[in-house]
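Chain and residue survey
What follows is each chain in one-letter form.
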Amino acid sequence: MSRNKAVLLILLWIGAFFVIPSTPNGLVAKELMVRISAYLLMGILVYLVITLTKLRRCLKRLMNNVEESEVHRAAWLLRITFDVKRALGAGTLRMVYDRVNKSKHVSLEAKNKLYEAMRRKRVDVPPPLAKKEKGKTSE
């Protein structure tokens, strides 16, 4: 889920809290909303910790062994987690992308997926390199 959708859902949740009338049934509903909110916040924190840990491990494996499957997994993890740029650092993400982009063992499709994931995280990286054919020059 994107950050904008999450913010919209949180605003709707808060808006519903203030719209519910202060009748006895409404107070029960408000109390349940407050209790559920605490569990939702804990769930979001656990999700963030788990996905960042998995992403960190995946990026280490990718740096040690640049393979197609690892690139796809890293791109997928980059897409599903948030706050990556702050947690891992933009320099680290650029270094991983440069290593994958220069690799000859990774297809252009996988490079494009990683590029799109990096672009969504607002990390400034150049587009993937296409394989140059011998004998052809670009004019």
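Everything discussed here concerns the structure shown above.
So, a few notes on the structure that sits alongside this text. Keep in mind the model is a prediction, meaning the values are calculated, not measured. Per chain, the residues get numbers from 1 upward, laid out in the order the sequence is written. Totals for whole chains, interfaces and linings use every residue, but because this is a predicted model, local features are given only for residues with pLDDT of at least 70 and side-chain atom pairs only at 80 or more, for both listing and counting. The basis for the side-chain values is all heavy atoms of the structure; hydrogens and waters are excluded.

Here's the deal with the environment of arginine 119
Note the threshold: Numbering goes from the N terminus for both helices and strands, where a helix is a DSSP run of H or I of at least four residues and a strand is a run of E of at least two. Remark: exposure states derive from per-residue accessible area (1.4 Å probe, protein chains only) relative to the maximum for the residue type, with buried under 20%, exposed over 50%, and partly exposed in between. Throughout this description, a polar contact denotes any pair of N or O atoms lying within 3.5 Å of each other; where both atoms belong to protein, one of them has to be capable of donating a hydrogen while the other can accept it, and for residues adjacent in sequence the pair is counted only when both atoms sit in side chains.
Within the fold, arginine 119 resides in helix 6 (residues 108-120). Its relative accessible area of 48% is what places arginine 119 among the partly exposed residues. Looking at arginine 119, its side chain comes within polar contact range of the side chain of glutamate 116, at 2.8 Å.

As for unusual backbone geometry
With the exception of glycine, most residues fall at negative phi, and the peptide bonds are largely trans. Positive phi values are uncommon outside glycine, yet aspartate 83 reaches one of about 65°. Within the fold, aspartate 83 resides in the loop between helix 3 (68-80) and helix 4 (84-88). In this model, arginine 122 sits at a positive phi of 60°, which is unusual for a non-glycine residue. With relative accessibility at 64%, the residue arginine 122 sits in the exposed group.

Observations regarding the packing of aromatic side chains
Basically, it comes down to this: Each Phe, Tyr or Trp ring, with Trp reduced to its six-membered ring, pairs with another whose centre is within 6.5 Å; inter-plane angles below 30 degrees give stacked pairs, above 60 give edge-to-face pairs, and intermediate values give tilted ones. For a ring to carry a charge above it, either NZ of a lysine or CZ of an arginine must fall within 6 Å of the ring centroid while also lying within 35 degrees of the normal to the ring plane.
Evaluation of the coordinates by the stated rule reveals three aromatic pairs. When the centroid spacing of 6.4 Å and the interplanar angle of 20° are considered together, the rings of tyrosine 47 and phenylalanine 82 count as stacked. Highlighted residues: tyrosine 47 in helix 2 (residues 24-64) and phenylalanine 82 in the loop between helix 3 and helix 4, separated in sequence by 35 residues. The ring of phenylalanine 17 has lysine 30 lying over it, and the distance from NZ or CZ to the ring centre is 5.3 Å.

Looking at the pattern of salt bridges
Our working rule: Salt bridge, as used here, is a side-chain nitrogen of Lys or Arg placed within 4 Å of a carboxyl oxygen of Asp or Glu.
Applying the stated criterion to the full structure yields four salt bridges. In this structure, the salt-bridge partner of glutamate 70 is arginine 61, at a minimum N-O distance of 3.3 Å. For glutamate 70, a relative accessible area of 15% gives the class buried. You can call arginine 61 partly exposed: its relative accessible area is 38%.

Quick notes on helix 5 (residues 90-102)
The following threshold applies: Multiply 1.5 Å by the residue count of a helix minus one, and that product is the helix's expected span. This arc describes the spread of directions from the helix axis toward the C-beta atoms. Only heavy atoms enter the contact rule, under which two residues are in contact if any of them lie within 4.5 Å.
For helix 5, built from 13 residues, the straight-helix expectation of 18 Å at 1.5 Å per residue is met to within 8% by its first-to-last C-alpha distance of 18 Å. Turning to helix 5, its buried residues are Ala90, Leu93, Val96, Tyr97, Val100 and Asn101. Around the axis of helix 5, the buried residues are gathered within 130° of arc, so they sit on the same side. Packing partners of the buried residues in helix 5 comprise helix 2, helix 3, helix 4 and helix 6.

Concerning the environment of proline 127
Here proline 127 lies in the segment after helix 6. For the pair proline 127 and lysine 111, spaced 16 residues apart in the sequence, the C-alpha separation amounts to 8.7 Å. Excluding residues within four positions of it along the chain, proline 127 makes contact with Tyr97, Asn101 and Tyr115.

Looking at a positive patch on the surface
So the rule is basically this: Surface patches are drawn from residues lacking salt bridges whose relative accessible area is over 30%; two like charges belong together within 9 Å, two nonpolar side chains (Val, Leu, Ile, Met, Phe, Trp, Tyr) within 5 Å. Calculation of accessible area relied on Shrake-Rupley with a 1.4 Å probe; when residues are assessed, cover is drawn exclusively from the protein chains displayed. In this tally, Lys and Arg are treated as positive and Asp and Glu as negative; His is ignored, and so are the chain termini. The atom standing in for a charge is NZ when the residue is Lys, CZ when it is Arg, CG when it is Asp and CD when it is Glu.
A contiguous patch of positive charge, built from Lys54, Arg56, Arg57, Lys60 and Arg73, is present on the exposed surface. Per-element tally for the positive patch: the top contributor is helix 2, with four residues. The residue lysine 60 is located in helix 2 in this model. Looking at lysine 60, the relative accessible area reads 56%, which means it is exposed.

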